[in-house]
Structures are given as C-alpha cells and as structure tokens.
Amino acid sequence: MVLFLRRIGMRAFKFLAALGRASALWWSAMRWLPRLSELNLLIRQIYNVGYLSLVIVVLSAFSIGAVLALQFYTQLARFGAQEAVGVGLALVLLRELGPVVTALLFAGRAGSALTAEIGLMKTTEQLSSMEMMGVDPLRRIVAPRIWAGIISVPILTAIFNTVAIYGGVVVAIDWLGADAGGFWSGMQDVVDWWEDLAKGMFKSLVFAILVTWVAVFQGYDSEPTAEGMAMSTTRTVVISSVLILASDFLLTLVMYGDF
Amino acid sequence: MGGAIIRLHLTERRQVLTKLSIMSGNLIDIQNLTFRRGERLIFDDLSLSIPRGSITAIMGPSGTGKTTLLKLIGGQEKPEAGQILIDGQDVVRMSRTELLALRKDIGMLFQASALFTDLSVFENVAFPLRVHTSLSEELIRDLVLMKLNAVGLRGARDLMPAELSGGMSRRVALARAIALDPNLIMYDEPFTGQDPIAMGVLVSLIKNLNQALATTSLLVSHDIHETVGIADQIFILADGRVIGSGTPAELRDSDSEMVSQFMHGKPDGPVPFHYPADDYQYDVVAGID
C-alpha cells in the first residue's frame, strides 16, 4: 500500500516537473513576437507543418463530408426532409468535427514530425552547438514552429470545413438528388457566423496551441536515444489527442452549454 | 545608496580580476569547481588555468567528465560551487543573455560534429556569420570560402551534411567553429573515430589554426599519441581531480603511478581493469541462485 502510494506520488511529482519544464519552454520561446528578419523561418515552418498536411486534411475532409451526407440523407429521407442535410452537415462540421478532426490529423501528421525533428536535432547535438554559437535554439527552432502551428491549424480547419461540405454536396445533391436550393438556403438561414463559425475557429486555435506545445516540448525534452525518440513521438500523438478531445468537451460545455 | 556601493564594489572587483587574469596570462581560470550529476561527484574542488594562446589538453579515462568540463566552461551546465573565469568574467554567474553574447567568442567542435542537417556545407559555415553580423552577401561568401579553404573543403561547399564522410563533416564543423574568429576554440574528442589520414589532417589543422588565428585552444581527448604531439600543456583528470599536469615530456616521465598508467596505456594499475565485483572463484562456484 505504501509502495503504491509512493508510486502515485512519484508519478504526480514527475508530471508536475514536466509541466513546469513545458511552461518554462513556452515562456522562453514565446516571450517575443517573431522578428521581421525571422519571417523566412516562419514561412518555411508553415510550409512544413501546414502546406504538407493539406493532402491528408483534404482527403479526410472529403470522405467525412461524403459519409456524413450519406447518413444524414438516408435518415432524413424517411421524413421527407432531405434538404435539411445542408444544415446538419454545416452545424456538425463547423462546431465539432472540423476543428477536432483537423487537430487530430495535424497531431498525427505534423505534431509527430515536429517531435521527431527537434528530438533528432537534440540527439545529434545540433541544439547544443547552436547554443554554443550564441544562438538561442528556443527562439530559432522552437518559436517559429509553434507560431507556424498556431497559424496553420485554423486555416487547415477552414479548408477542412469547406472541402467536407463540398463532399456532402457531391453525395447529397449531385448523386442522391437532394434539392440544391433547399440545401443551401437552409444552411444560410440557420448557420450563425458567431455561434457556429467563430466559436468553431476559436476551438481550433486552442487545439493548435495544445498540439504544437506538446509536440515541441516532447521533442525538446526527449531522451537522446532511439528508444527515447520513439517514446516521445508516441507520447506527442497520444497526449495531444487526449488533450484535444478533453478540451473539446470543456469548450463545448462552456460555449454552448445552457444551464 | 548601499546597493550602489555594493555594485561599485563588484565592478571594481571584476576589473581587478580582469587585470589579474590578463597579467597572469590566463584566458581561463577555474577555481574550486565542484559539480555533481545526480548523486555522482564529477568534479571535486577542481582548479586549473589555461594560458592565453596555448594548446591545452584535458586528458583522462572515459567518464571522468572531460566533456562536462567543456560544457561548464561554455555555461551549458552550472556547477554546484566554484568559479569559472573567462577573461576575468565568471561564467557561472552570467545570465542567459550574457552567456549567449560570450559564446560568440567561443568556437566549439562537437564530438558528433553537430552540423545542421537541413543546410548545405556552405550555409552551415555561413550560419554564425549570418546570425551575428550584418555583412553583405558578398563578404559572407568570401569569408565562408576562406574558412572552407583552410580546412581543404572549398570544393565541397554545395554538398549536404549527409553526403560527407565522418572526417569531412568534422572539418566542416571546424570551419564553422572558426567562422567568427573566436578567442577560444574547444575541441571535444576531435580524433575519435577518424581514420589515420583524417587524424593527421586534424592534428595539423588544430596546430595551424591556433597559430594563424592566435587563439587559445582547449582540447579534450584520450588519444595520447596525437594529443602529445600538439599540446603545450596537459592536465590529466581522474576521480574529479587533476592527478597530473605539465608539458607532455614532463608527464611522460612522471613518477605518479596513475599518470604513468594513463600515459603509457597500461591495462592494469591504480585504475583497475575489473569493474568492482565479488571474488571470481566465489562467483563461479556460487552458480545461479
């Protein structure tokens, strides 16, 4: 029993220590806004984490939109309300699926890559040598990557939503023959830019911060061994996925909860 | 008021210290350094000085903290107690910003070369120049080619680090370390894993650079033959202390058993061949319990 308690205590202690290190990393890296001369570093990272994630985001968005439309259509058709597919699709995507799925995809595609990249830089002493050259790696390596994530994820989310709705259009209107007028006008009537669009984008901003923070911290804090790197990349995906889902619930509760 | 006096006192003290170290001709003065990693005591009240313009070698068996010493001098690790004065300034008490500024004057060659793998050879050498100076592109090009020429790799400027052999990447890293003409160059095990030709090249490079740039070189190594050939003075570390110091010739003739074991590469002596263990016979007879 004592041993068990001690183990829990050690775990908690380790967790708090890691949280402290992660906060210190965030503070040291994000204290300054990127300078104009560092713009090229930022653009390169936006290319790496954002642009290169486009393929997976677009593919997933299209198929998720298509599947959703198919499900909605078959259920709604029983009541003769096929046009409501548009509304349902837009609300589900803008409020929940868009931000959440994009962030999950981003964690798998870009988050793990960030961790591996920074971890390997640490293992091969590149970060250390940068420090010895009088260049702060937190500023040069970590900060542009965090900013790139914060900028990219909301844009990717917007793209995800657009493509997913297009996927729904292809299935519901072009294939199954729902009424295009009803589809679009229903969507226009019901979707509110603040309630649905803005709050959804706010979610994606929160997810962006969480995922990139976890990813760069895991890389920076990784054990400089093959095993340590494998653990860190796995941890990045697991921790950020859990954080995305948990914070999504909290955010939904706070933003849409009505009690 | 009181604060001002103390501050004045401190600046004065620093100035005196600076003068002292210039007078004594030492670039680095390490005093009473104690460093612990976890429970293990790495340095125990270590003191040593490195004269300006010399090639000084720190030698000793693996695991005596030679690399750690370089990290302490560069301010990447903090000691438990003691002072590390570079040009009279105490590295231990410097802030992060002060350290980053100090390091512009220090070149370090890492054991793993540590080239930036996403940049070409040219860009690797240009990196410190681009970050720390506002020189024109033309001037940077000239400087980079000069540095690369000094290590014989001007022709390899467009290659990526992954395309280089171990010896070549170490030479590129050396060119990068001297890009800003530092006052101090630290070499972490420069000879490890090099073939005989690359080794010879590195030995003469270190010697020539020290003369041509008029810098101070600090070399950490356990390759006796190469180190003895170029070092002006050698410190041998073991168990967190300096167990021998002097010119290569002095150390070779040293009476100390430990120094002699190290300098002549004897497998057994004060540093035992066996890791501490139970009695051999007992161990074998006891079998698996």
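Residues numbered from 1 in each chain as written. Chains lettered and ligands numbered in written order. Predicted model: local features only at pLDDT ≥ 70, side-chain atom pairs only at ≥ 80, totals over all residues. Heavy atoms only, no water.

### As for the sheet that holds strand S8 (residues 216-220) of chain B
Residues and elements named next belong to chain B. Strand order in the open sheet formed by six strands is S6-S7-S8-S3-S9-S10, and the pairing between neighbours is mixed. Looking at strand neighbours, the two that pair on one side only are strand S6 (106-109) and strand S10 (241-246), the edges of this open sheet. This sheet shows a mean twist of 15° between the axes of neighbouring strands, independent of strand direction. Each of strand S3 (55-59), strand S9 (233-238) and S10 is contacted by helix H10 (residues 257-264), which is oriented at about 110° to S9, the strand it contacts most. (Pairing = 2+ DSSP bridges. Helix = DSSP H or I, 4+ residues; strand = E, 2+ residues; numbered from the N terminus. Axes fitted to C-alpha atoms, helices over the stretch in contact; angles between N-to-C directions. Contact = heavy atoms within 4.5 Å.)

### Comments concerning the pairing of S10 of chain B
Looking down a regular strand, the side chains alternate between one sheet face and the other. All names here are of chain B. For S9 and S10, the ladder comprises five bridges, and the chain directions are antiparallel. Following the sheet pairing, Leu-237 is matched in S10 by Val-242. Hairpin connection between S9 and S10: a loop of two residues separates the two successive antiparallel strands, and Asp-239 in this loop has a positive phi of roughly 50°.

### Focus on the layout of surface pockets
Put simply, the largest pocket is a space of about 1000 Å³. Lining the largest pocket are 35 residues, with Leu-41, Val-135 and Arg-140 of chain A together with Phe-127 and Val-131 of chain B positioned closest to its centre. Going through the elements one at a time, helix H2 (39-50), helix H4 (85-123), helix H5 (126-132) and helix H6 (137-175) of chain A together with helix H3 (96-102) and helix H4 (121-132) of chain B are the ones with two or more residues in the lining of the largest pocket. Across the lining of the largest pocket, the residue classes tally to 13 nonpolar, eight polar and 14 charged. (1 Å grid on protein atoms, 1.4 Å probe; cavity = no way out; pocket = protein on both sides within 12 Å on 5 of 7 lines; lining within 4 Å. Points joined across faces, edges and corners; volume = space filled by probe spheres on them. Nonpolar A, V, L, I, M, F, W, Y, C, P; charged D, E, K, R; others polar.)

### Brief notes about the pattern of salt bridges
Throughout the structure, instances matching the rule amount to 18 salt bridges over all chains. One salt bridge in this structure joins Arg-130 of chain B and Glu-123 of chain B, with 2.9 Å as the shortest N-O distance. Arg-130 of chain B sits in the partly exposed class, given a relative accessible area of 32%. A residue is classified by how much of its surface remains accessible, and Glu-123 of chain B, at 26% relative accessible area, is partly exposed. Note that Arg-130 of chain B and Glu-137 of chain B form a salt bridge whose closest N and O atoms lie 2.8 Å from each other. One network of salt bridges, in which partners are shared, links Arg-35, Glu-38 and Arg-139 of chain A. (Salt bridge = Lys/Arg side-chain N within 4 Å of Asp/Glu carboxyl O. Buried < 20%, exposed > 50% of the residue type's maximum accessible area, 1.4 Å probe, protein only.)

Any functional reading would require information beyond the geometric quantities listed.
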